Amino acid sequence: MFRVAPTSYGGRGCFAVNAIPKNTTIHHVPSPFTAAINRDFRKEVCAYCFAYDLGRAMKVRLDVASLWFCSEECKDTWIVEEDHACDSLISAVLEKIDVAVARARKTMQSGRGIATPSEEYDVDYVPEDIILDGSPESAEEIEEVWDSIAQRIANSAPVAHNPLKNPMLKVRLLALEEIEWDLARLVAVALVRKYIESKPNSSLPSHFSWTSFYQLEPHEVDLLARVPALLESHVRVFLLLLLVMPSEILPHVTVENVRAVVAREAANAFGIWQLPLTSESEFLGSAIFPSASYFNHSCDPNVIKSRDGRSMKFTTARDVNPGEELCISYGMMLDQPLESRRETLKEQWYFDCGCDRCSQELAEAGL
Ligand SMILES: [Zn+2]
Ligand SMILES: [Zn+2]
């Protein structure tokens, strides 16, 4: 029905192979490659179907990994489709992350994790002394930070300087901020998929494929130029995963792989919004559907994306001609005037919109 091909303006896009009538479902992804419910909502959103009942707590809990579900059926389906498909490693790693972070945060809150000058460790919390002043402005500067982290965790680093061996640094490191905690869960699931895919005779369905995910466009430099502090968060997530991941997954917990995930999460993740979708909907979390990331944005889209449980559906909004590009709207900015709409797109998705509607409105405005 459609194919992914290079566009005339750069990157790839989806193009109709044949004429497609209005209201045709052209793509359906049953489940995200990885997803994370925002920490604030974790007890109020079903970890399987993403149902949200106006803040009411979900009734069913998975004992390991602290996941909440709207029903026993959702819990059982999650266990089979998600966890069993990955050797029960998803629940195992989520549990390890939650226990480690919760414990470290408690220690920090009690004051025991805060170093005093009398303590022998003169090294402050890990990344601070190596993160650059101001924004990392280039790929090279980001590279330098990661190189320095890699050197410090190498066995040759003195204990006092090695975040994985120095107990004080370890506690500070593990006491992630809430958004880092969510990001750690999202990255961990991606690395579990990578490990499972790397096993001989792996039969992971294509929407769980690391290889497909890896083909997405990375946006590390764009992201860090906009929010420089995230570099430190990325480093903390990487070090946390090194500390907690089970041994079979550890070979995949590399600087390269963690950076690959955070760089692709940026601008490729879909928001999990409270349904029915309105301008008042709560933002519940983020999910990555790699095969759906090839739909480009248009301010006058011919395809509507919609979430159905944990699946994403893409349906034509009008008749589409053969060869026409299939575009969705990335966010709820279509009602905004030209300038703010384009600003939102530039800020969150890093591009200058060249859609027909923008071109026409720009011409009308004499810009
Ligand atoms: Zn549910
Ligand atoms: Zn536009």
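Source: prediction; values computed, not measured.

Counting secondary structure elements, the protein contains 11 helices and 12 strands. Relative to the globule expectation of 21 Å for 367 residues, the C-alpha radius of gyration of the protein, 22 Å, shows essentially globular dimensions. A principal-axis box enclosing the C-alpha atoms of the protein has dimensions of 70 × 50 × 45 Å. Considering only contacts in the protein between residues 6 or more positions apart, those separated by 24 or more positions represent 67%. When the accessible surface of the protein is summed, it comes to about 17500 Å², and 50% of that surface belongs to carbon and sulfur atoms.

Residues Phe-69, Leu-191, Phe-238, Leu-241, Phe-314 and Leu-326 are the most contacted members of the largest nonpolar core, which totals 107 residues. Broken down by element, this core gets its largest block of residues, 12 residues, from helix H5 (residues 178-198). Among the domains, domain 1 (2-30 + 289-364) and domain 2 (53-265) are the pair contributing at least three residues each to this core. When sequence neighbours within four positions are dropped, the list of residues in contact with Phe-69 reads Cys-46, Ala-47, Tyr-48, Met-58, Lys-59, Val-60, Leu-62, Cys-74, Lys-75 and Trp-78.

So, about helix H3 (residues 139-153). Taking 1.5 Å per residue as the helical rise, H3 with its 15 residues ought to reach 21 Å, and the 22 Å between its terminal C-alpha atoms agrees with that figure. Three or more residues of H3 are buried, namely Ile-142, Val-145, Trp-146, Ser-148, Ile-149, Arg-152 and Ile-153. Down the axis of H3, the smallest arc covering the buried residues is 155°, so these residues share one side. Set apart from the buried face of H3 by more than 90 degrees, the exposed residues are Glu-140, Glu-144 and Gln-151. Close packing links the buried residues of H3 with helix H7 (220-226), helix H8 (230-244) and helix H9 (255-265).

With that settled, consider the coordination of the zinc ion (ligand 2). Here the zinc ion (ligand 2) is held by Cys-299 (SG), Cys-353 (SG), Cys-355 (SG) and Cys-358 (SG), and the distances to it run 2.3 Å. One can describe the site at the zinc ion (ligand 2) as tetrahedral: its 4 donor atoms subtend angles covering 103 to 116° at the metal. When the donor residues of the zinc ion (ligand 2) are listed from N- to C-terminus, their spacing reads C-x53-C-x1-C-x2-C. In terms of burial, Cys-353 and Cys-358 fall into one category: buried.

What follows covers the coordination of the zinc ion (ligand 1). At this site the zinc ion (ligand 1) is bound by Cys-46 (SG), Cys-49 (SG), Cys-70 (SG) and Cys-74 (SG), with donor distances of 2.3 Å. In this structure, the zinc ion (ligand 1) is coordinated by 4 donor atoms arranged in tetrahedral fashion, with angles at the metal of 105 to 116°. On the primary sequence, the residues serving as donors to the zinc ion (ligand 1) are separated as C-x2-C-x20-C-x3-C. The residues Cys-46 and Cys-49 share a single accessibility class, namely buried.

Our focus in this paragraph is the pattern of salt bridges. Across all of its chains, the model carries 13 salt bridges by this definition. For Arg-318, the salt bridge goes to Asp-300, with nearest N and O atoms at 3.5 Å. Placement of Arg-318 in the loop between strand E11 (311-316) and strand E12 (325-328) and of Asp-300 in the loop between strand E9 (296-297) and strand E10 (303-308) is noted, with a sequence separation of 18 residues between them. A relative accessible area of 31% places Arg-318 in the partly exposed class. Given a relative accessible area of 41%, Asp-300 falls into the partly exposed group. Note that Arg-341 and Glu-361 form a salt bridge whose closest N and O atoms lie 3.2 Å from each other. On the criterion of sequence distance, the pair formed by Arg-341 in helix H10 (residues 338-349) and Glu-361 in helix H11 (residues 356-364) is long-range, its members being 20 residues apart. Several salt bridges converge on common partners, so that one network encompasses Glu-82, Arg-193 and Arg-310.

Conventions we followed
- Residues numbered from 1 in each chain as written.
- Chains lettered and ligands numbered in written order.
- Predicted model: local features only at pLDDT ≥ 70, side-chain atom pairs only at ≥ 80, totals over all residues.
- Heavy atoms only, no water.
- Helix = DSSP H or I, 4+ residues; strand = E, 2+ residues; numbered from the N terminus.
- Rg over C-alpha atoms; globule rule 2.2 N^0.38 Å.
- Contact = heavy atoms within 4.5 Å.
- Areas by Shrake-Rupley, 256 points an atom, 1.4 Å probe, with all protein chains shown as cover.
- Core = buried A, V, L, I, M, F, W, Y, C linked by side-chain atoms within 4.5 Å.
- Buried < 20%, exposed > 50% of the residue type's maximum accessible area, 1.4 Å probe, protein only.
- Domains from an automatic or database assignment.
- Expected span 1.5 Å × (residues − 1).
- Arc of directions from axis to C-beta.
- Donors = N, O, S within 2.8 Å, 3.2 Å for Na, K, Ca; no water.
- Tetrahedral: all angles 85-135°; square planar, octahedral: opposite > 155°, others 65-115°.
- Salt bridge = Lys/Arg side-chain N within 4 Å of Asp/Glu carboxyl O.

Limitation: the analysis is restricted to geometry and does not speak to function.
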